[in-house]
Amino acid sequence: MRLRIKQPSVLPGFGLTLGFTLLYLSAIVLIPLAALFLKSAGMGWSSFWATVTSPRVVAAYKLSFGAAAIGALINAVFGFVVAWSLVRYSFPGKRIVDAMVDLPFALPTAVSGIALTTLYSRNGWIGQYLEPLGIQAAFSPLGVTIALTFIGLPFVVRTLQPALEDLDPDMEEAAASLGASRWRTLRRVILPTVLPSLLTGFALAFARALGEYGSVVFISGNMPMRTEIAPLLIVAKLEQYDYAGATAIAVVMLLISFAILLAINVIQWVASRHRIGG
Amino acid sequence: MADSKRVVVVAVVLVTAIVLGLILIRILGGSGADPDETAGKRAVTLLNVSYDPTRELYQEFNPAFARYWKAKTGQDVVIEQSHGGAGKQARAVIDGLKADVVTLALAYDIDAIARQGGLLAADWQSRLPENSAPYTSTIVFLVRKDNPKSIRDWDDLVKPGVEVITPNPKTSGGARWNYLAAWAFALKKELGDLKALHHPAQAAQVEQAQARAREFVAELHKHVPVLDSGARGSTNTFAQRGIGDVLLAWENEAFLAVNELGPDKFDIVVPSISILAEPPVAVIDKVVEKKGTREVAEEYLKYLYSPEGQRIVARHYYRPAYPQHADPADLERFPDVERVRIDEVFGGWRKAQETHFNDGGVFDQIYQVSK
Amino acid sequence: MAGTIAFRTGSASSGAAGRPAITEPAPVRWALIGVSLSFLGLFLLIPLAGVFVEAFRKGAGAFFAALRDPAALAAVKLTLLVAAIAVPVNCVFGLAASWAIAKFNFVGKNLLITLIDLPFAVSPVISGLIYILVYGLHGWLGPFLSAHDIEIIFAVPGIVLATLFVTFPFVAREVIPLMQVQGNDDEEAAITLGAGGLQTFFRVTLPNVKWAVLYGVILCNARAMGEFGAVSVVSGHIRGKTSTMPLHVEILYNEYNFVAAFAVASLLALLALATLALKSFVEWRSRRPFAEAPDAAVLEDLSHEH
């Protein structure tokens, strides 16, 4: 039976390792996630639909999506500049800067949330300079965007770095010798080559930001219809003992996450086929 | 070949078994043995699941009870504390957090444990004196030093340019008291006397007053720039971040903020009318029966009503149920204020919760209209 | 090849070696470097500095007193224990999954890879919630667990499970791409020469991927120690018993004990920095070309033993 689904190989251990993988995957990930789906299925389609499309929930989706998308976009732009600087140039302290990029990943989200709120609120180091300009950073959608930009940064930089390193210098030289300006080379030669990595990094940062909770609740202000993120609504539903409602929102978010991951896989698959084909 | 394959199997199975075994040991060890076994009688451990503002109170009360219990029975008692938003804490108990006693912000939350979890009898509130509330509190205003916006009463909160800090009633028990206190103020202002609520003859007037109260509360929330998820979060926003002109807070939180965060920075303002908050306490039957801790758990809650318990309660700015036991100096700190009861004005917590705070309730409507 | 997202580094050193002949004019170069540094400074360095400044606001004495508090020590111990369980378990899983996925071709492989990645994109709140739905008192296994007095949720096992979930993909996603790139040639040669499966794995495969494994372990560890959202849902917040360090930070913060909160936070930040240093070291080591790769000598050695 096994031989039919698997191509033959001289290497041992397929059944064992795959069996263990599936068992462990089921125990830790699949069965608990199935519980989520079953719980929300228990509430019936119409009340499920009513829950996930109620105005407050829709507003939260909009904020979560909007802020996550803007954050990922900022990261795509600045992350590209950072990755480019790290790969192409040498400057003092580069190694330290390179290591620092991972900080948002390694720093616990609650710590970053408290630290960011301290900085960006009205009397914080940065907030006090924004206040006179009429910009309210903490407790506004801007604050949510700042937190989501913070946590997404490493993903863009880290997926771009290997791609930029693999760039073939000959292509750039050829473009230059054909009279293309540096800017034109960047647009026509470099960007298209690293685009799959850039998209992957963007999608990763986006997916991560969509579900982020710990760092956002401190800085968002949690105003209904304005600065409530979707994960906070899940928590709020739970506080009202509304398990079915909480799982309904969770299911929607989970499906979106899964779709994003699939999209990343498709991007990479297309990109790798492209590379082999062309 | 076959040999080494077997070795791989054995190795992987061994590693997995060791790791799973470790987890299992923790599972079994975690529930069985107490960490604090002493030479004499076996120590007993109680878990008190409470809400946010009682941290300091129980930090002092727990050792006092442990001394009392040791003197009385010779047994050591270790009391573990868990604090958080009242709703979250109640849900954790429903989901299996093994609380021997709960000391929460609202009767509604303990009702939920009884109703949804079936972990204690529905009549729990009649088991201890004073509606199972050994201490009460109320809602007051905390303003910046010398009250620059001259806030004296609830009306002043909706004056142009005033920013009000209160937590989100969806996630915070304290915020629900704030909200209902504001509502009660508006009703009283319209009706003159809250007794009118129960006069069938004045039904039309009452209805109009309720509509005005709703407008007032909606207007009030337009002055709220941040809705933190819990009472402590709001205090931090107001005191640490310098946001807002007035914080609606538990009386004990307001006193605590003044003492801990700077007497030179804040003043307390007492409004003309506020609400009688009765944070209730209860023993969780199912848990104490299983753990065999009923006796000590019940004694723990009763001790809150004892002279010593009441003294500690008053010291931490809760109004004691039996003021005669408290230090008069502590009592002097509590200002006189008319405190209305939830049962009289809102028909009990369950009704208030359904009307105002559940999904689609008045609070949701206020926010959906205003945006 | 579709699949695992290689969230891996590739940093500095190789760029310096093979710097392309063409580059931008110096002003553009410095402008770009300037933009990078100010962006990173604004978003990374200042928050980090903020943590340490707050922690030492009342002097070093208050800082160390906060860390000697028994509840803080208990939180540190619990955090270390959780990481000590979660990291090896996910490491074993990661190796097994990589072997199955990278060394064999089978139906449904891409789906399997996406499922392994899934916990990465799931909101931490949901990660906690699902374990309550399974192990909570009213969950699937709740009545059984309660009848047998087994505590999972609101106890250490629940925290371990939630941590396992959020750190699930890290080792696997680091190792799979590398194993795929390296192909099966070395292993097939070893097996053909008569080496056993275990021998092949430990003497040929593992040395080839050991830096990727270590890198995955480091990422896994960083996340295991720092997770807040998921653990918060399943912990029960019992002071000194089920509070991990990130949760303890929140508790202290809510007790107006800001110095202590930031002291514990700075300890976590130090752990993060140590992780980053270790990671840089691993990257630096793994870049030394073929230093540890098995070569003909090893294969020959293997063939002699049989």
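Criteria and thresholds
- Residues numbered from 1 in each chain as written.
- Chains lettered and ligands numbered in written order.
- Predicted model: local features only at pLDDT ≥ 70, side-chain atom pairs only at ≥ 80, totals over all residues.
- Heavy atoms only, no water.
- Helix = DSSP H or I, 4+ residues; strand = E, 2+ residues; numbered from the N terminus.
- Contact = heavy atoms within 4.5 Å.
- Buried area = accessible area lost by both parts, 1.4 Å probe.
- Salt bridge = Lys/Arg side-chain N within 4 Å of Asp/Glu carboxyl O.
- Polar contact = N/O pair within 3.5 Å; in protein donor to acceptor, adjacent residues only side chain to side chain.
- Pairing = 2+ DSSP bridges.
- Axes fitted to C-alpha atoms, helices over the stretch in contact; angles between N-to-C directions.
- Expected span 1.5 Å × (residues − 1).
- Buried < 20%, exposed > 50% of the residue type's maximum accessible area, 1.4 Å probe, protein only.
- Right-handed = clockwise from strand over helix to strand, strands pointing away.

A. Region of interest: the environment of Ile79(B). Residue and element names in this part refer to chain B. Inspection of the secondary structure assignment puts Ile79 in strand S2 (residues 77-84). In the structure, Ile79 is positioned 22 residues away from Val101 in sequence and 10 Å away in space, judged by C-alpha atoms. Setting aside anything within four residues of it in sequence, one finds Ile79 in contact with Leu46, Asn48, Asn62, Phe65 and Tyr300.

B. Up close: the interface of chain C and chain A. Across the contact, 110 residues belong to chain C and 107 residues belong to chain A. Across the chain C/chain A interface, buried area totals approximately 9,600 Å², and carbon plus sulfur atoms make up 78% of it. Our count for the contact surface shared by chain C and chain A stands at zero salt bridges. Remark: the boundary between chain C and chain A carries nine residue pairs in polar contact (both at pLDDT 80 or more).

C. Geometry of the sheet that holds S2(B). Residue and element names in this part refer to chain B. If you walk across this open sheet you meet the four strands as S2-S1-S3-S10, and the pairing is mixed. Since the sheet does not close on itself, it has two edges, and those belong to S2 and strand S10 (281-283), each with one partner. Taken over all neighbouring pairs, the strand axes of this sheet differ in orientation by 20° on average, direction set aside. Both strand S3 (residues 101-103) and S10 contribute to a ladder of three bridges, which runs antiparallel.

D. A look at helix H7 (residues 109-120) of chain A. Residue and element names in this part refer to chain A. If you check H7, its first and last C-alpha atoms are 16 Å apart, about what twelve residues at 1.5 Å a residue would give, namely 16 Å. Summarising burial for H7: twelve of the twelve residues are buried, a large majority. Among the residues making up H7, those that are buried are Thr109, Ala110, Val111, Ser112, Gly113, Ile114, Ala115, Leu116, Thr117, Thr118, Leu119 and Tyr120.

E. Structural context of the pairing of S2(B). All names here are of chain B. Among the eight residues in S2, seven count as buried, and that is most of the element. Judged from the eight bridges that link them, strand S1 (residues 44-51) and S2 form a sheet pairing that is parallel. Its bridge partner being in S2, Val44 is matched across the sheet by Val77. What joins S1 to S2 is helix H2 (residues 55-73), and the crossover it makes is right-handed.

F. Molecular detail of the interface of chain B and chain C. The interface is formed by 42 residues belonging to chain B together with 35 residues belonging to chain C. Run the count over chain B and chain C and you get two salt bridges. For the side of chain B that touches chain C, the secondary structure elements donating two or more residues are helix H1 (2-31), H2, S2, helix H3 (86-94), helix H4 (107-117), helix H8 (231-239) and helix H9 (251-261) of chain B. Of all the elements, H1(B) adds the most residues to the side of chain B that touches chain C, at eleven residues.

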